[in-house]
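# What the coordinates show
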Amino acid sequence: MTIPVGILGLGTFLPDKRLTNADLEKMVETTDEWIISRTGIRERRLAGKGVPTSELAVEAARRALKDAGLTPADIGLIIVATISPDMIFPATACIVQYKLGAECPAYDISAACSGFPFAMSAAHSYVASGMYERVLVIGAEVLSAFIDWTDRSTCVLFGDGAGAAIIAPAENGRLIIDTQLGSSGKHADLLKLPAGGSAMRASEETVRERLHFLKMDGKEIFKLAVRYMGDAVLKLLKTHNLNLDDIRLLIPHQANLRIISAVADRVGMPMERVFVNVDKYGNMSSAASIVALAEAAQCGKIKSGDYVVLVAFGAGLTWSASLIKW
Ligand code: ACO
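Described below are features of the structure shown in this document. (Residues numbered from 1 in each chain as written. Predicted model: local features only at pLDDT ≥ 70, side-chain atom pairs only at ≥ 80, totals over all residues. Heavy atoms only, no water.)

## Section: the pairing of strand β11 (residues 247–252)
This is how it is decided: Buried residues are those whose accessible area, probed at 1.4 Å on protein chains only, stays under 20% of the maximum for their type, while exposed residues exceed 50% and partly exposed ones sit between those limits. Here a helix means four or more residues in a row that DSSP labels H or I, a strand means two or more in a row labelled E, and each is numbered from the N terminus. By definition, two strands form a pair when at least two bridges between them are found by DSSP.
Among the six residues in β11, five count as buried, and that is most of the element. With five bridges joining them, β11 and strand β12 (residues 307–314) adopt parallel strand pairing. The partner of L249 across the bridge, within β12, is V308.

## Looking at the site of the ligand
Keep this limit in mind: Proximity is defined per residue: if any heavy atom of the residue lies within 4 Å of a molecule or strand, that residue is considered near it. Throughout this description, a polar contact denotes any pair of N or O atoms lying within 3.5 Å of each other; where both atoms belong to protein, one of them has to be capable of donating a hydrogen while the other can accept it, and for residues adjacent in sequence the pair is counted only when both atoms sit in side chains. All amino acids are sorted into three groups, where Ala, Val, Leu, Ile, Met, Phe, Trp, Tyr, Cys and Pro are nonpolar, Asp, Glu, Lys and Arg are charged, and the leftover types, Gly among them, are polar. By convention here, the domain bounds are inherited from an automatic or database domain assignment.
Taken together, 23 residues are adjacent to the ligand, and T30, R38, R152, K219 and N256 come closest. Contact distances for the ligand include 2.9 Å between an oxygen atom and a side-chain N or O atom of H253. Sorting the residues of the shell around the ligand by element identifies α2 (32–39), α6 (152–155), α8 (218–239) and α9 (257–267) as the ones contributing at least two each. Considering every element that reaches the shell around the ligand, the biggest residue donor is α8, with four residues. Counted by class, the shell around the ligand contains eleven nonpolar, seven polar and five charged residues. Each of domain 1 (5–172) and domain 2 (177–325) contributes no fewer than three residues to the shell around the ligand.

## Comments concerning helix α4 (residues 92–100)
To keep it simple, the criterion reads: In this analysis, two residues are considered to be in contact whenever any of their non-hydrogen atoms come within 4.5 Å of each other.
Residues of α4 that are buried include every one of T92, A93, I95, V96, Q97 and L100, and no others. Taken together, the buried residues of α4 touch α3 (53–68), β4 (77–81), β5 (106–109) and β6 (135–141).

## What to know about the packing of α8 against α9
Rules: In this analysis, axes come from line fits to C-alpha atoms, helices being fitted only over the stretch in contact, and the angle between any two N-to-C directions falls in the range 0 to 180 degrees. Roughly parallel covers angles under 35 degrees, roughly antiparallel covers those over 145, roughly perpendicular covers 65 to 115, and oblique covers all other angles. In this scheme the handedness of a crossing depends on how the near helix is turned from the far one: anticlockwise by less than a right angle means left-handed, clockwise means right-handed.
Where α8 contacts α9, the axes come no closer than 9 Å and their chain directions differ by 40°. In terms of their interaxial angle, α8 and α9 are classed as oblique. Once α8 is placed against α9, the crossing between them reads as right-handed. Counted together, F222, A225, V226, R227, M229, G230, D231, V233 and L234 of α8 and R258, I259, A262, V263, R266 and V267 of α9 form the full contact between these two elements. Looking at the contact of α8 with α9 residue by residue, the class counts come to ten nonpolar, one polar and four charged.

What follows is the structure, given as structure tokens:
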């Protein structure tokens, strides 16, 4: 027997410090006009220097626990999705577990911008099978630590933040119906942090060549993001015998407004029913989907009984589409 699984609580944490396009104009050769027209981003949040991802994750987790009326002792498992962990190891989730005062198992998932939905899918399976009753799923990033602030083609795109959800047997709707996942390792080179792993060991040379920062083929990523996210939405709807009119809100990964509009176009969804907050936060990778879902719920864009589709795409490549009945 599988147990119906839902979202019991949601929480977000966005650092106070805002980096506007005007601030970036003083750092690299760019303009507010270029950034807005190519990306739709107006500002992004930055964690202070020395503030690790686990701190943002813990704040978001505390808020999700409060929203669900739970304490850390009620949690059976913690999964943190991140590509900007505190360290390569141990898992950021273990640090979060300690800081929260929980005693359950904890591990990380690395699926880049699809990180939260990948982690939510794992949590869904654990809860549906009865293996764990309540799973704390967190998407958290301090990407500012891995951005080359001298590279105008990437530094304007990303931001820091965290979101968390308590996944548990469904009580009052917010039912997770399905999450479909995909990966394509043949495209792994398109978006990566080349050095510091076992393939390219850290050395003076890798530091000098700035290989410890994120590198991206923006044009190729753009095309594939539109194709994979669009197709993932259509496949999900087909599986569940739904059409776009049945969906109250599409929540695409928040990387770039042009990608979001192109995905909406590809599937035929009017922009009035597409959620956008990339203008405020930039691309927060693993944190983007959960922060967007939490904000959409908070501002009343989704109501009880509405179908919501979350669609994500990121480095790996990875992609996912989730169907939730609010
Ligand atoms: N300010 C001013 N000019 C810039 C900037 C900048 N910040 N960045 C690049 N340029 C210049 C380039 O140097 C280039 O100049 P050139 O023609 O003299 O060589 C010119 O602008 C055009 O550059 P393009 O790369 O062709 O610009 P494009 O229209 O492709 O936009 C962008 C670039 C915004 C990165 C786009 O490719 C994109 O959004 N890609 C998706 C990337 C993304 O969102 N990745 C996130 C991770 S994956 C995901 O989450 C989906």
